[in-house]
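# An overview of the molecular structure
Here is what each chain is made of, one letter per residue.
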Amino acid sequence: MTTSQVHEERGRHEDEALAGESVISVRGLWKVFGPRAAAVPNSPKLRELGRRDLLDRTGCTAAVRDVGFDVAGGEVFVVMGLSGSGKSTLVRCLTRLIEPTAGEMLFEGDDMLAANHKQLRELRRNKFSMVFQHFGLLPHRRVIDNVGYGLEVKGVGKTERTRRAQEVIELVGLGGNEKSYPDQLSGGMQQRVGLARALAADPDVLFFDEPFSALDPLIRRDMQQEVIRLHREVGKTMVFITHDLSEALKLGDRILIMRDGEMVQLGTGDELVGAPADDYIRDFVRDVPHGDVLTLKWIMRDPRPDDPLDGPELGPDVVVREATRQVLQADKPVKVVSDGELLGIVGDDEILAIVARQESGA
Amino acid sequence: MSTAQLRDTITTRRPSKGALVAGILAVWLVAWLVLRGTHTLPLGAAQLTGLHEWLNDVNDSIGANRNSNPLFLYFFNIIRLIVDEFTTFIQTVLSEPAFDSPIPMLGWLGVVAVAGYVCYLVANIRVALLAMAGLVFLGLQGLWTESMDTLALTISAVLIALLFAIPLGVWAGLSDRFNRLITPVLDFMQTMPTFVYLAPLTLFFLIGPASATIATLIYAAPPVIRLTAHGIRSVPRDMVEASESLGSTRRQTLTKVLLPAAKRTIVLGINQTMMAALAMVTIAALIDAPGLGKTVIKALQTQDVGTAFNGGLAIVVLAIILDRVTTAASAKARPSHTAPSRGAAMLRLPMLIGGGVLAAIGVWLSRTYVWAAEFPADVEIGSTIVRATDTATEWVKDNFAALTTDLKDVVSATLIDPLQALLVQSPWWLVAAVIIAISVVIGSIRAAVVSAVCLALLVGTGLWQDAMTTLAQVLLATVIVMVLGIVLGVWMGRSPRVDRVVRPVLDAGQTMPPFVYLVPFLALFEATRFTAIIAAVVYASPVAIKIVTDGIRGVSATTVEAATASGSSTWQTITKVQLPMSRRALTLATNQGLIYVLSMVVVGGLVGAGALGYQVVAGFSQGQLYGKGLAAGIAIVLLGVMLDRMTQAAAKRADRPS
Ligand SMILES: Nc1ncnc2c1ncn2[C@@H]1O[C@H](COP(=O)(O)OP(=O)(O)OP(=O)(O)O)[C@@H](O)[C@H]1O
Ligand SMILES: [Mg+2]
């Protein structure tokens, strides 16, 4: 079996597994800005035009073009792309903060696009909430009132609201700051308020639009840890937008890469690194430390007749970095085994190729 | 023609613009020498044209049918009634005898106590003390009732204005379409010289408080509409989205996010509206609005400088109180603030209760005892102020008469007279041709068409000569404004230190009602055209200076550095880099300067400017001149529209990249 076969195999397998329990399901989604935008997705000719041509011909920008995917319950789904690739537009379409131009969107099996204002409000009040790049906090309210805002518009009484707000403030580690105003807090703390506000109504899905881009690197790392911890503790489904690949790899179960509004590749981190769909993705993942992302199944080879097959055994999903010592110390190639079946072997050469790549700074 | 050639012709043609204008002026001078005195369309002081008589008739017939015509019966009269009732009610609270009692509902002590408490609530204790001291000072000046009348009219106009303006502003903030619709209307409301709509308003709402209040609210509403819309528009997109994403209804987003976040800007708008209202209320004395304005106008008309000064001082005191209170309120309304210290927080409640009790006691006293109801006359300092001013004026006149008379005479003889002679004695068609030609050269064909229409209508008003006299004064005042604007503007633009010193003076000048300027100049120069011009210059300069300053400051520091690095002297940097690059600011300053000068024409009419301003004033007071006054008002608007379009077209041209 070749690596690409593995990739396909696994991809198909996962798609099937997810389809049953998908929380968000998107098909053929378009968002076009400009005059007579609705004509673009419907016209076979206009659909094919590139960004520049479309703008010149119609004055429209297609910020999201023909995007489709499923997000499984409890999954962290990351959308990634360069600036202007349509990530924010996509996530705003998902919550219908802006109206999609064409396509289908299901939320827990219900047609999102058919929801009227009232239903939509109910969804926003109870089912999902969002964290924003520039926080979007209300400067005239104290932290506790910012966090309780969603409950307030929902009509929850003051005592209950305060109690719940206090609870999530503790959860995001802001205890003691509830009486402060947003501008008295650091950027990182402000985003914790944004996070607490999103969590307060106990939604099923959390949307993040580049929540940490405005923070400096150290605080960003803290906040990423925070999200990982929260995900572990509260187990919410998350749709996370970022333009930072290392953030995507750190947080994402699966990653969708966009360019000019189009989907370029959708897969797990090791799939993107191990089998980039095109040069754009290859470029994207070039600087990633491959050893940290790739697993053994991406570097193993079929055994040759002269290979000794009595070396140590490892699973196919062991990360290369973790296997390095063991492979190099063993004097025989390591066998990659899953359910007692021999998938392939990994020798010093395979490991060293990855390590060398990393050290040459490529 | 290739674009390169095109650019060449444009650049070679550009410097000739000035030459063209000079050429036109030269031709005019020569033609004037030959043709002067012919076709000048004169009209005697008591003479009326058909239009004027027709307007008189309209006025009479409206007067006769006021209570039978359905439009009046069911529209204008009802508005008048409501506004009248409301204004009268506020007056009975503050200034006029209430119901059966000989005093208003609140005697002076009550007003002082309540004002102090309210100021404490919306602003802070310091401002509250200032307001109370200011009010007492007004009483000491012997102008309590007049001040309270002015205050009552201002408050009622502002309240009614806010009732409409804030919803309109919110709407304009939320809807691009409505914003596009209302912006030109607001522009028009603000550029129209204020006095001009006084006369037509009296046609519909009679002379009296209702017309005064309506005139005031028309003039005063635009700033708060604009600033409300601006405040709503500047709320960060993120905040609105966050609110929506949490499932807020539109109303919730408006009341919980947009309005609180825009509060500070809205209060700033209320501040500007308040100041504009105060200025207008004093001016509305021309149509019989009670209060300080009347005191000042009467004194100006009898050249009683001492009384005019006392009244003007009271207006200034009132302006300072209103300005400080609303400014402090807006500072307090900033979207967030550091939590108050524990001590202050603990003091807050007792202060609130204590203040409330004190205010209540003040009100009770003022309704029970005469000394607390009517401001005691025996502690008055007003007459001292009047006498001191008179003495000072006499002294200045005695000692500087030579100087001030010389200055006045020299300026009149060398600047005002020749310009006026040129405009007034030229045949009307010659002046029209010159103005149209200049519109084409500095502006556009479109501006020239507007000029032509305005000029034709001006001839139609029958007040051509008066219009030319006024135009001469307006042009001269504008030139002086621009000289001041450029000199001070460049200086302030280049030196932050100068800016820090001068800007507060300009701010103060802008918050002061225009009447007040007149007093000292009247004392120095008596009722002459010169006085009127100076008053207009003082009124219009701050705007022009500020715009030029901003323009100079807007020139990028790198460009200036590059000029300095290539060895330019300061003078060269200013004339070759900074001024040319702020061309747009200069034309804008000219435009605004003109508008401001024009809006002082009627005030000038009170102090010897004659011409259109005088006709408007006379129209208010003498029945048979009503139509002529109205026509004069229209003529002022026509001059305004013409000059505004011309300078705006010039500004647009300056905008075009070279
Ligand atoms: N309201 C709008 N009107 C017109 N064009 C828009 C609008 N909003 C977004 N666009 C266009 O859609 C494209 C995608 O924008 P979007 O904000 O979704 O990108 P992004 O991936 O979020 O970028 P960034 O990383 O900078 O946030 C851009 O070309 C943008 O110009
Ligand atoms: Mg974005």
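Our structure's up above, just so we're on the same page.
Described below are features of the structure shown in this document. None of the values given here were measured: they were computed from a predicted structure.

### Section: the layout of surface pockets
Residue and element names in this part refer to chain B. The space that makes up the second largest pocket amounts to roughly 1,000 Å³. Val-21, Ile-438, Ile-442, Leu-475 and Met-646 are the residues nearest the centre of the second largest pocket, which is lined by 32 residues in total. Top contributing element to the lining of the second largest pocket by residue count: helix α29 (residues 626–655), with seven residues. Across the lining of the second largest pocket, the residue classes break down as 23 nonpolar, five polar and four charged. Two domains each donate at least three residues to the lining of the second largest pocket, and these are domain 1 (17–39 + 426–461) and domain 3 (467–646 + 654–658).

### Here's the deal with the side chain of Lys-31 of chain A
Residues and elements named next belong to chain A. Of note, Lys-31 is situated in strand β1 (residues 22–33). From its side chain, Lys-31 meets the backbone oxygen of Glu-99 in a polar contact 2.7 Å long. When residues no more than four places from it in sequence are discounted, the contact partners of Lys-31 are Thr-61, Ala-62, Ala-63, Val-64, Thr-89, Cys-93, Ile-98, Glu-99, Pro-100 and Thr-101.

### A closer look at the pattern of salt bridges
Taken as a whole and assessed by the stated rule, the structure comprises 40 salt bridges over all chains. With a shortest N-O distance of 3.6 Å, Lys-87 of chain A and Glu-210 of chain A are connected by a salt bridge. One end of the pair, Lys-87 of chain A, is in helix α5 (residues 87–94); the other, Glu-210 of chain A, is in the loop between β7 (205–209) and α11 (217–234), and 123 residues separate them in sequence. One exposure class covers both Lys-87 of chain A and Glu-210 of chain A, and it is buried. A salt bridge links Asp-270 of chain A to Lys-297 of chain A, with the shortest nitrogen-to-oxygen separation between them at 3.5 Å. Within this pair, whereas Asp-270 of chain A is found in helix α13 (residues 269–274), its partner Lys-297 of chain A is found in helix α16 (residues 296–299), the two being separated by 27 residues in sequence. Of the two residues examined, Asp-270 of chain A and Lys-297 of chain A, each falls in the buried class. The structure contains a network of salt bridges with shared partners spanning Arg-92 and Asp-209 of chain A together with Arg-237 and Glu-241 of chain B.

### A word on the interface of chain B and chain A
With 22 residues of chain B at the contact, the number on the chain A side is 27 residues. Buried surface at the junction of chain B and chain A, summed over both partners, amounts to about 2,100 Å²; 57% is from carbon and sulfur atoms. Ranking the residues of chain B by area buried against chain A places Ser-245, Leu-246 and Lys-256 of chain B at the top, with a combined share of 29%. At the boundary of chain B and chain A, one finds two salt bridges. Where Lys-256 of chain B meets Glu-152 of chain A, a salt bridge forms, and the shortest distance between an N and an O atom there is 2.6 Å. In this assembly, chain B and chain A are joined by ten residue pairs in polar contact (both at pLDDT 80 or more). Of all elements in the fold, only α11 (237–245) and α12 (250–283) of chain B reach the threshold of two or more residues within the side of chain B that touches chain A. Among the elements that take part in the side of chain B that touches chain A, α11 of chain B stands out by supplying seven residues, more than any other. Its residues assigned to classes, the side of chain B that touches chain A shows eight nonpolar, ten polar and four charged.

### Considerations on the site of ligand 1
Residues and elements named next belong to chain A. As a matter of local geometry, ligand 1 sits amid 13 residues, with Arg-51, Ser-83, Gly-84, Ser-88 and Thr-89 nearest to it. Residue Gly-84 places a main-chain N or O atom 2.8 Å away from an oxygen atom belonging to ligand 1. Between an oxygen atom of ligand 1 and a side-chain N or O atom of Ser-88, the distance comes to 2.6 Å. Relative to its unbound accessible surface of 630 Å², ligand 1 loses 62% to contact with the protein. For the shell around ligand 1, the secondary-structure elements that each account for two or more residues are β2 (61–72) and α5. Residue contributions to the shell around ligand 1 peak at three residues, all from α5. Tallied by class, the residues present in the shell around ligand 1 amount to three nonpolar, seven polar and three charged.

### Notes on the environment of Lys-236 of chain A
Checked against the element boundaries, Lys-236 of chain A lands in the loop between α11 and β8 (237–242). Residues within four places of Lys-236 of chain A in sequence aside, it is in contact with Gly-74, Glu-75, Leu-199, Asp-202, Pro-203, Asp-204, Leu-206 and His-231 of chain A.

### Description of the sheet that holds strand β11 (residues 313–314) of chain A
Residues and elements named next belong to chain A. Taking strand neighbours across the sheet as the criterion, the three strands line up as β11-β12-β13 in an open arrangement whose pairing is mixed. Taken across any chain shown, the strands that pair with only one partner, and hence form the sheet edges, are β11 and β13 (341–346). Looking at chain direction, strand β12 (residues 334–338) and β13 are connected through five bridges and run antiparallel. Looking at the pairing, Val-334 lines up with Val-346 of β13.

### Notes on the sheet that holds β2 of chain A
With antiparallel pairing, the four strands of this open sheet are ordered in space as β2-β1-β4-β5 (chain A). The strands lining the two open edges of the sheet, one partner per strand, are β2 and β5 (110–111) of chain A.

### Comments concerning empty space enclosed by the protein
Residue and element names in this part refer to chain B. Under the counting rule described, the total for this entry stands at three cavities of 30 Å³ or more. In this structure, the largest cavity encloses a volume near 100 Å³. Along its surface, the largest cavity is lined by Thr-470, Gln-473, Val-474, Ala-477, Ala-532, Ile-533, Ala-536, Val-597, Met-600, Val-601, Gly-604 and Ala-609. Taken together, the elements giving at least two residues each to the lining of the largest cavity come down to α20 (464–494), α23 (529–554) and α27 (601–606).

### Digging into the pairing of strand β3 (residues 76–81) of chain A
Residue and element names in this part refer to chain A. Extensive coverage of β3 is indicated by the burial of six of its six residues. Relative to β8, β3 runs parallel, the two being bridged by five bridges. Residue pairing for β8: Val-76 is matched across the bridge by Met-238. Where β3 meets strand β9 (residues 254–259), five bridges bridge the pair, whose relative direction is parallel. Considered in β9, the bridge of Phe-77 is made with Arg-254.

Definitions and cut-offs
- Residues numbered from 1 in each chain as written.
- Chains lettered and ligands numbered in written order.
- Predicted model: local features only at pLDDT ≥ 70, side-chain atom pairs only at ≥ 80, totals over all residues.
- Heavy atoms only, no water.
- 1 Å grid on protein atoms, 1.4 Å probe; cavity = no way out; pocket = protein on both sides within 12 Å on 5 of 7 lines; lining within 4 Å.
- Points joined across faces, edges and corners; volume = space filled by probe spheres on them.
- Helix = DSSP H or I, 4+ residues; strand = E, 2+ residues; numbered from the N terminus.
- Nonpolar A, V, L, I, M, F, W, Y, C, P; charged D, E, K, R; others polar.
- Domains from an automatic or database assignment.
- Polar contact = N/O pair within 3.5 Å; in protein donor to acceptor, adjacent residues only side chain to side chain.
- Contact = heavy atoms within 4.5 Å.
- Salt bridge = Lys/Arg side-chain N within 4 Å of Asp/Glu carboxyl O.
- Buried < 20%, exposed > 50% of the residue type's maximum accessible area, 1.4 Å probe, protein only.
- Buried area = accessible area lost by both parts, 1.4 Å probe.
- Near = heavy atom within 4 Å.
- Areas by Shrake-Rupley, 256 points an atom, 1.4 Å probe, with all protein chains shown as cover.
- Pairing = 2+ DSSP bridges.

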